[in-house]
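A closer look at the structure
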Amino acid sequence: MSWRWGLLRRFRRRMAGSWRGLSDNPMRSLDRVHQRASVLVPAVYGVMFFSALNVLPHWEGILGRTQLQLLWPVMWLEWVPMREGILGILVLFLVGTGAAMVFPGSRGARVAAMLGVLLFWALNNSTGKIGHSLHVSLLLSILLVVLPSGWNARDGARPIKLAAAHGLVGMQLVMLLTYSMAGLVKVGAGIFQSVTGQASLFHADSLSRHIADRLLQTGSHTPLGAFLIENPWLGGPLMWGAVYLELFALWAVFRPQLQIPFAVGLIGFHLASFFTMTIIFPQNCVLLGLLLAIGTGLRPRWTVGGFLRELPGIGLIQAMLARPKRAKLASPRHG
Amino acid sequence: MRADRRMLLGVTGFALVIFVLGELALLRPPSHEIFPFYSWSMFALVPGEKDQFYVLVDTPEGPVEFTRGGPGIRGAHSVVAYNVIQKLGRAATSGDRADLDTWREQFERTNLEPGTRYRVLHRRVDPLTRWREERLGGKLPADLMEVWAGEAAR
């Protein structure tokens, strides 16, 4: 057992860089994070409920669907009357997420929300193309099912409050992991395309190509998209900046100085995707605000120096530049 | 085991599942997904020259490219329609009749008014080249090859 905790501790320390936590009373810190979790968990369900409300005007169209390539969670629709089955899914999505928002302490409500989101999203994606705007919400709803009973009681025992704190940090972890995975695949694909002599991420026109391809697919036109296609000198650096943010998003879970800048950066990235390619992930934007900008509340005073020190890669370069200086200073003493 | 340690293990285990299944999903083209675990490979490959399928719809004013919209066309700007057109085109060129019927039926039912006649055309093109052609007037070039012609059921 102990090797597992040791491994986790070492991983957390490595990811945390120079951040060693606030020199605060540990119980007061725990109470603060627990309080944040008690607010943010229902808020996250609120985001899912809002998505369910937005689907209401489209119920008639969704109920009329017949020829579908059903994904595995909704395979059972083949054996029941389609319209009634779909109606059940839509009702569960609405009621489950609403109930979990109002009664987040009830595991039954959280399971209903998870099933509602899973079934609705599987149904919505059974049309030949899988969209991903609700994937993070779905993953969060799966994670939140495992919160212990009574997790949100104000006078709960320390292990229960700690579990709620782990739940909140877990939500940050799950969300930012998806961004880091996106960054990792982009870098991997970039290396592959570079080696095989294709247009790649490392070319200045990579963003121009993405935007042109997407706008041609949908026959759309965006002024910002057209501008970036014609000016790859600007698009290239923006693309590399976005990939940096994505790739190192996971670090922000462990380095609180990074959380607000990364939340702002990633929301900016989503807005830029909309204004160039008409792609938007609205739920992700709100979740980034909730889970990173509000977050655990355990954050040191934000300073530019502290932020730069914690930036993955930049901090490393700083440390490498500082090392020879230190060595120079140290050498006369030893000499 | 204490509730907090159970939760910590649960969070770690779930994150590992998301990562491992997501990366394994890279081996499952074209969706790269083991629903709901996704590789997050969207916009990973920078598009170069590639096979593209276009739909030309017959309208009273003459043939119109599907994404431009017009009489008989539904969801011209839908990326789902774009994906269905690509699958329909690939099925037509590969000669897979069952696949062709599936995608043809979905495209006609969702994106065309009954009785609308259309043609699926193929071309290998670079997106930046196509973008510049569009800027120069948007006419479809001559090197398009017809791979399928059909009519939406009345």
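Structure: see above.
The sections below set out a description of the structure shown in this document. Remember, predicted model here, so these are calculated numbers, not experimental data.

Rules behind the numbers
Residues numbered from 1 in each chain as written. Chains lettered and ligands numbered in written order. Predicted model: local features only at pLDDT ≥ 70, side-chain atom pairs only at ≥ 80, totals over all residues. Heavy atoms only, no water. Helix = DSSP H or I, 4+ residues; strand = E, 2+ residues; numbered from the N terminus. Buried < 20%, exposed > 50% of the residue type's maximum accessible area, 1.4 Å probe, protein only. Polar contact = N/O pair within 3.5 Å; in protein donor to acceptor, adjacent residues only side chain to side chain. Salt bridge = Lys/Arg side-chain N within 4 Å of Asp/Glu carboxyl O. Phe/Tyr/Trp six-rings, centres within 6.5 Å; stacked < 30°, edge-to-face > 60°. Contact = heavy atoms within 4.5 Å. Pairing = 2+ DSSP bridges. Patch = residues over 30% accessible without salt bridge, like charges linked within 9 Å, V, L, I, M, F, W, Y side chains within 5 Å. Areas by Shrake-Rupley, 256 points an atom, 1.4 Å probe, with all protein chains shown as cover. Lys, Arg positive; Asp, Glu negative; His and termini not counted. Charge placed at Lys NZ, Arg CZ, Asp CG, Glu CD. Buried area = accessible area lost by both parts, 1.4 Å probe. Nonpolar A, V, L, I, M, F, W, Y, C, P; charged D, E, K, R; others polar. Axes fitted to C-alpha atoms, helices over the stretch in contact; angles between N-to-C directions.

Let's talk about the side chain of N231 of chain A
Residues and elements named next belong to chain A. Of note, N231 is situated in the loop between α9 (223-230) and α10 (232-247). You can call N231 buried: its relative accessible area is 18%. Engagement of the side chain of N231 in a polar contact is seen with the backbone oxygen of F227, the distance being 2.8 Å.

Some words on the pattern of salt bridges
Residue and element names in this part refer to chain B. Tallied over the full model, the rule gives 19 salt bridges over all chains. When the shortest N-O distance is used, the salt bridge between E49 and R124 registers 3.4 Å. Here the residue E49 occupies a position in the loop between β2 (37-38) and β3 (50-59), and R124 occupies one in strand β5 (residues 117-125), the gap between them amounting to 75 residues. The partner of E108 in a salt bridge is R104, with the nearest N and O atoms 3.2 Å apart.

Observations concerning the packing of aromatic side chains
All names here are of chain A. All told, the structure shown has 10 aromatic pairs over all chains when counted by the stated rule. Consider the rings of F248 and W251, whose centres lie 5.0 Å apart with planes at 80°: the pair is edge-to-face. Pairing F274 with F275 gives two aromatic rings, centres 5.4 Å apart and planes at 75°, and the pair type is edge-to-face. Owing to a relative accessible area of 35%, F274 belongs among the partly exposed residues under this scheme. In textbook terms, an aromatic cluster arises when at least three aromatic residues are bridged by ring pairs, as seen for F93, F120 and W121.

A short note on the environment of F202 of chain A
All names here are of chain A. When you line up the elements, F202 lands in the loop between α7 (158-195) and α8 (206-218). The class of F202 is partly exposed, set by a relative accessible area of 43%. For the pair F202 and W240, spaced 38 residues apart in sequence, the C-alpha to C-alpha distance is 8.1 Å. Excluding anything up to four places from it in sequence, F202 contacts V187, G190, I191, S194 and W240.

Considering the pairing of β5 of chain B
Residue and element names in this part refer to chain B. Across 8 bridges, the pairing between β3 and β5 is antiparallel. The residue bridging V57 from the neighbouring strand is Y118, located in β5. Bridge analysis of β5 against strand β6 (residues 145-151) gives 6 bridges, and the strand direction is antiparallel. Counterpart to R119 in the pairing with β6 is A149.

Thoughts on a positive patch on the surface
On the surface, R9, R12 and R13 of chain A together with R5 of chain B cluster together into a patch of positive charge. Take R13 of chain A: it is sitting in helix α1 (residues 2-16).

Overview of the interface of chain B and chain A
The interface is formed by 54 residues belonging to chain B together with 70 residues belonging to chain A. Of all residues in chain B, the largest losses of buried area upon contact with chain A belong to F35, W40 and W131 of chain B, amounting jointly to 16% of the total for that side. Applying the counting rule to chain B against chain A returns 2 salt bridges. One salt bridge in this structure joins D126 of chain B and R209 of chain A, with 2.7 Å as the shortest N-O distance. If you list the elements that add at least two residues to the side of chain B that touches chain A, you get α1 (3-24), β2, α2 (79-94), α3 (97-111) and α4 (127-135) of chain B. Here the side of chain B that touches chain A is composed, by residue class, of 31 nonpolar, 10 polar and 13 charged.

A short note on the sheet that holds β6 of chain B
Residue and element names in this part refer to chain B. Taken together, the 4 strands give an open sheet; going across it, the order is β4-β3-β5-β6, and neighbouring strands pair in antiparallel fashion. With partners counted over all chains shown, the strands left at the sheet margins are β4 (62-65) and β6, one partner each. Pairwise comparison of adjacent strand axes, ignoring direction, gives a mean angle of 30° for this sheet. The sheet contacts of α3 involve β3, β5 and β6, and relative to β6 the element is tilted by about 60°.

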